[in-house]
Amino acid sequence: MAKPKKAAEPAELPPRYIVLIDSHAILHRGYHALPNFTSSKGEPTGALYGLCLMLLSIAKEWNPDHVIAAFDLPKPTYRHEAYENYKAGRQKSDEALSRQISKARDVFKAFGIPVLEAAGFEADDVLGTLADQLSADPRNRIVIASGDMDTLQLVTGDQVRVYTLKKGVKDTVTYDEAAVRERYGFGPEMVADYKGLRGDPSDNIIGVLHAKNLFASLQAFAPVMPLARAGTRFQPVFVGDVARAIVHALDRPEAAGRTWELAGPEGRTLGDLVRA
């Protein structure tokens, strides 16, 4: 009697590329790197032009399956509650840039890219949450498009990478874990320590160590033991299964250009929420 044929093992699914866009970071870079372009009506368009160039560059370089844009909201966040001088002294954005930030939503809608935002949080928090949740699926390859080096703390092997602007809006560089180590001398897991100890003048956050001494300390202690966590990693936003749901829903026509508002139930800490 012939033996039954062994069922063929299912073919391994190809990687699924998901690009997460730090909208404000890209718009700021475009605004300051490009000339003061205007439309035929005299409206400023330089930042929007830079954003479009970045989107086309992403499409060409990564050919992503899905693209999601994260937005900051013009209201205080939990960081302002934790530190009342957060971003104190920062100059107000130029009106020309603010107008283009508002119109950027129309650009994303035209490209069919959904927008995610969360009251009380920054785009960084949304990006970090999505990267954390989406990386749970080994098939996913997450690329964070941003001009903010804080996002390097999210890099994980070659599954979560940062695609950033090196100069202007066309010169780009991709950071995987090896590239982060080459830049700093330590891995992504210590970037938050570095940022927290060094401080961030742009956000009015005071550091505790000079950069030269800080590099030496982190490089010396990294192989032995982690430093006390002086920095704060991305603050998870409670999104439940929304990250996975969005990926499955993005192919539906009604999802194109949609704005998703992320929020969690009141009375629970963010730590509780993200672990729920």
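Residues numbered from 1 in each chain as written. Predicted model: local features only at pLDDT ≥ 70, side-chain atom pairs only at ≥ 80, totals over all residues. Heavy atoms only, no water.

## Focus: the pairing of strand S2 (residues 66-70)
Filter applied, for reference: Think of it in three bands: residues with accessible area under 20% of the maximum for their type are buried, residues over 50% are exposed, and the middle band is partly exposed, with areas taken using a 1.4 Å probe on protein chains only. A run of H or I in DSSP counts as a helix once it spans at least four residues, and a run of E counts as a strand once it spans at least two, with each numbered from the N terminus. Strand pairing requires that DSSP identify at least two bridges connecting the strands.
Within S2, five of the five residues are buried, which leaves the element mostly enclosed by the surrounding structure. Covered by surrounding structure in S2 are His66, Ile68 and Ala70 together with Val67 and Ala69, the residues of both alternating faces. When strand S1 (residues 16-22) meets S2, the two strands line up parallel, connected through five bridges. Its bridge partner lying in S2, Asp22 is registered against Ala70. Note: S2 against strand S3 (residues 115-117), two bridges, orientation parallel. Bridge pairing links Ala70 to Leu116 in S3.

## Quick notes on the pattern of salt bridges
Put simply, the test is: One side-chain nitrogen of Lys or Arg within 4 Å of one carboxyl oxygen of Asp or Glu is enough to make a salt bridge.
Taken as a whole and assessed by the stated rule, the structure comprises four salt bridges. A salt bridge links Arg16 to Asp137; the nearest nitrogen and oxygen atoms lie 3.2 Å apart. One end of the pair, Arg16, is in strand S1; the other, Asp137, is in the loop between helix H5 (123-134) and strand S4 (140-146), and 121 residues separate them in sequence. When the shortest N-O distance is used, the salt bridge between Arg105 and Glu117 registers 2.7 Å. Of this pair, Arg105 sits in helix H4 (residues 95-111) while Glu117 sits in strand S3, and the two are twelve residues apart along the sequence. The class for Glu117 is buried, based on a relative accessible area of 9%. A network of salt bridges, in which partner residues are shared, links Glu177, Arg181 and Glu189.

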